[in-house]
Each structure stands twice: as C-alpha cells, then as structure tokens.
Amino acid sequence: MSGVPVYRWRLAPPGYATLRQLRAQGLRPGGQDVAAVLERPRKRRGPLVAYLYRIDRAKPVRPMTPARWAALAKANAARQVCPQCRRDAGYRIPASLGMCVSCAYPEEQCAA
C-alpha cells in the first residue's frame, strides 16, 4: 500500500469512509483499493489502523435474493448442530467449545 495517504485520527478529509460507515450508508467498496489509512496513536503499542475507501466510488449493496436468504438460513442452522452428538442444540455452538455444552461438559450433566 505504498503511496496511500495516511491521516491522523479524526483528521481525514470528507469523502472517505470505513467499511462500517459505508455499510451504514447502504454502500460497499465495490472492488476499489484502499484509498487512505487512518491511524490512531496508542501508548506502548502500535497505532490502531482503519482503512478508508472513497464514497464516490462505492457501489450500492447487492439486495438479498431468495436464494441468498435460503443459503444464510441453512448456514445458521448448521451452526446449531453439534458435530459430536449430531443433535440440534437450539443455540449457536460456541467456536471455543466446538460442540454443544452437554458434550463439552458431560460430568456436569450427570451431577445435575
């Protein structure tokens, strides 16, 4: 990213936005490269970095089609199935456990 302008925190000129700011406006980067970098200095560590994109080059967010809604629902449903016991846990399986709570802590289920 050589040649990309670097701005200090809150000193970027108008016309630039982060990914979250673009999404809040109903926009997406649309394949454009990072236009600028925003740096927030910190003590004892490296600066926080935010990548900025040009708002005038951003494209509108693609609408959700019925097929995309179905794929999203299927993916979310798959995140609720425990890979250990193959049951629907009724909640999203934590990535830190990798399985439902009853499979991760079977001794606590027997005690209860």
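Quantities reported herein were computed from a predicted structural model and do not represent experimental measurements. (Residues numbered from 1 in each chain as written. Predicted model: local features only at pLDDT ≥ 70, side-chain atom pairs only at ≥ 80, totals over all residues. Heavy atoms only, no water.)

Caption draft 1: Structural detail: the pattern of salt bridges. Tallied over the full model, the rule gives one salt bridge. Its salt-bridge partner being arginine 54, residue aspartate 56 comes within 2.6 Å of it at the nearest N-O pair. Taking the relative accessible area as the measure of exposure, arginine 54 reaches 25% and is therefore partly exposed. (Salt bridge = Lys/Arg side-chain N within 4 Å of Asp/Glu carboxyl O. Buried < 20%, exposed > 50% of the residue type's maximum accessible area, 1.4 Å probe, protein only.)

Caption draft 2: Geometry of the packing of aromatic side chains. One pass over the full model with this rule turns up one aromatic pair. Above the ring of tryptophan 9, the side-chain terminus of arginine 40 is found at 5.2 Å from the ring centroid. (Phe/Tyr/Trp six-rings, centres within 6.5 Å; stacked < 30°, edge-to-face > 60°. Lys NZ or Arg CZ within 6 Å of the ring centre and 35° of its normal.)

Caption draft 3: Summary view of the sheet that holds strand S2 (residues 16-17). Strand order in this open sheet of four strands is S1-S4-S5-S2, and the pairing throughout is mixed. The open sheet terminates on both sides in strands that have one partner only, identified here as strand S1 (6-8) and S2. The pairing of S2 with strand S5 (residues 48-54) spans two bridges and is classified as antiparallel. Looking at S5, one finds that tyrosine 16 is bridged to arginine 54. (Pairing = 2+ DSSP bridges. Helix = DSSP H or I, 4+ residues; strand = E, 2+ residues; numbered from the N terminus.)

Caption draft 4: Spotlight on a positive patch on the surface. Taken together, Arg10, Arg40, Arg42 and Arg45 make up a surface patch of like positive charges. Checked against the element boundaries, arginine 40 lands in strand S4 (residues 36-40). What makes arginine 40 partly exposed here is its relative accessible area of 39%. (Patch = residues over 30% accessible without salt bridge, like charges linked within 9 Å, V, L, I, M, F, W, Y side chains within 5 Å. Areas by Shrake-Rupley, 256 points an atom, 1.4 Å probe, with all protein chains shown as cover. Lys, Arg positive; Asp, Glu negative; His and termini not counted. Charge placed at Lys NZ, Arg CZ, Asp CG, Glu CD.)

Caption draft 5: The nonpolar core, seen in detail. Ranked by size, the top nonpolar core spans five residues in total: Ala17, Leu22, Leu27, Tyr53 and Ala58. Not counting the four nearest positions on each side in its chain, alanine 58 is found in contact with Leu22, Leu27, Arg28, Pro29 and Gln32. (Core = buried A, V, L, I, M, F, W, Y, C linked by side-chain atoms within 4.5 Å. Contact = heavy atoms within 4.5 Å.)

Caption draft 6: Representation of a nonpolar patch on the surface within the structure. A cluster of nonpolar side chains, namely Met64, Trp69 and Leu72, defines an oily patch on the protein surface of about 310 Å² accessible area. Along the chain, methionine 64 turns up in the loop between strand S6 (59-60) and helix H2 (66-78).

Caption draft 7: Geometry of unusual backbone geometry. The phi dihedral of arginine 10 falls on the positive side, at around 70 degrees, and the residue is not glycine. Tracing the chain through its elements places arginine 10 in the loop between S1 and S2. The residue arginine 86 is not glycine, and still its phi comes out positive at about 60 degrees. Turning to its location among the elements, arginine 86 is positioned in the loop between H2 and helix H3 (101-104). Residue arginine 86 is classed as exposed on the basis of its relative accessible area of 64%.

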